[in-house]
Amino acid sequence: AVQAFRDEAHAPALRSALLLLALLPGCGWHSGLVAPQGARSVRIEFFDNLSLLPNLEQPLEAALTSAVLERVPIASAGAGPADLVLRGKILDFRRRAGVRSQQNVQLESGSELTIEAELVDASSGKVLRSSRRSLAAGFAIGPLRSAATTSAEPGARERLLRNLADGLVLDLFGPPR
């Protein structure tokens, strides 16, 4: 009997909340990332690579394409014409020395990557938003290996690129700060 009374007491509030949730999509309310008004497509260009590590631009472009398509309701234009252009530069890639044991055996290393990007209105050339991000990622090294030969470094670099791509997409398509 007590449970039935509690449910009846909350019924009007529950009905009001459900009605509000049903009406929100009709009033233009949304959650998540959005493309600038009127933009239906984006072209993601290969970034200029100013770092000393070659070929970072291809996996970065793939990570950016994936991040945009997963998080923003916008179509990819591929290499064709688009409403928006996402372009930028890979500014720096560094390996860090890492951690060594008491016997001077390298146990861990890491990489740091710095990227800047801008979202541009393709018709006017106006920069709508820009972002600069830097991120580091570490990885363990097994005995008798070096940072240059360990198989963990490519995986760490891939995680680094994905995380930076996600951050850039949040900066470029997220709510204004």
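Look up a bit, the structure's there.
Residues numbered from 1 in each chain as written. Predicted model: local features only at pLDDT ≥ 70, side-chain atom pairs only at ≥ 80, totals over all residues. Heavy atoms only, no water.

**Structural notes on the environment of proline 81**
(1) Moving on: Positionally, proline 81 belongs in the loop between strand S3 (75–76) and strand S4 (84–100).
(2) Moving on: Taking C-alpha positions, proline 81 is 7.3 Å from arginine 43, a pair spaced 38 residues apart along the chain. (Helix = DSSP H or I, 4+ residues; strand = E, 2+ residues; numbered from the N terminus.)

**Description of a nonpolar patch on the surface**
(1) Moving on: On the surface, Val99, Val105 and Leu107 cluster together to form a nonpolar patch covering roughly 210 Å² of accessible area.
(2) Moving on: With respect to the helices, strands and loops of the structure, leucine 107 is situated in strand S5 (residues 106–121).
(3) Moving on: Classification of leucine 107 by relative accessible area gives partly exposed; the value is 40%. (Patch = residues over 30% accessible without salt bridge, like charges linked within 9 Å, V, L, I, M, F, W, Y side chains within 5 Å. Areas by Shrake-Rupley, 256 points an atom, 1.4 Å probe, with all protein chains shown as cover. Salt bridge = Lys/Arg side-chain N within 4 Å of Asp/Glu carboxyl O. Buried < 20%, exposed > 50% of the residue type's maximum accessible area, 1.4 Å probe, protein only.)

**Here's the deal with the side chain of serine 51**
(1) Moving on: With respect to the secondary-structure elements, serine 51 resides in the loop between strand S2 (48–49) and helix H2 (57–71).
(2) Moving on: Its relative accessible area of 12% is what places serine 51 among the buried residues.
(3) Moving on: Here leucine 53 takes part through its backbone oxygen, which lies 3.2 Å from a polar atom of the side chain of serine 51. (Polar contact = N/O pair within 3.5 Å; in protein donor to acceptor, adjacent residues only side chain to side chain.)

**Considerations on the nonpolar core**
(1) Moving on: Among the nonpolar cores identified, the biggest contains 32 residues, and Leu64, Val68, Leu86, Leu113 and Phe173 are the most heavily contacted of them.
(2) Moving on: Contributing elements (two or more residues each) for this core: strand S1 (41–44), H2, S4, S5 and helix H3 (152–173).
(3) Moving on: With 8 residues, the single largest contributor to this core is H3.
(4) Moving on: Setting aside anything within four residues of it in sequence, one finds leucine 86 in contact with Val42, Arg43, Ile44, Glu45, Phe47, Leu64, Val68, Ala117, Glu118, Leu119, Leu172 and Phe173. (Core = buried A, V, L, I, M, F, W, Y, C linked by side-chain atoms within 4.5 Å. Contact = heavy atoms within 4.5 Å.)

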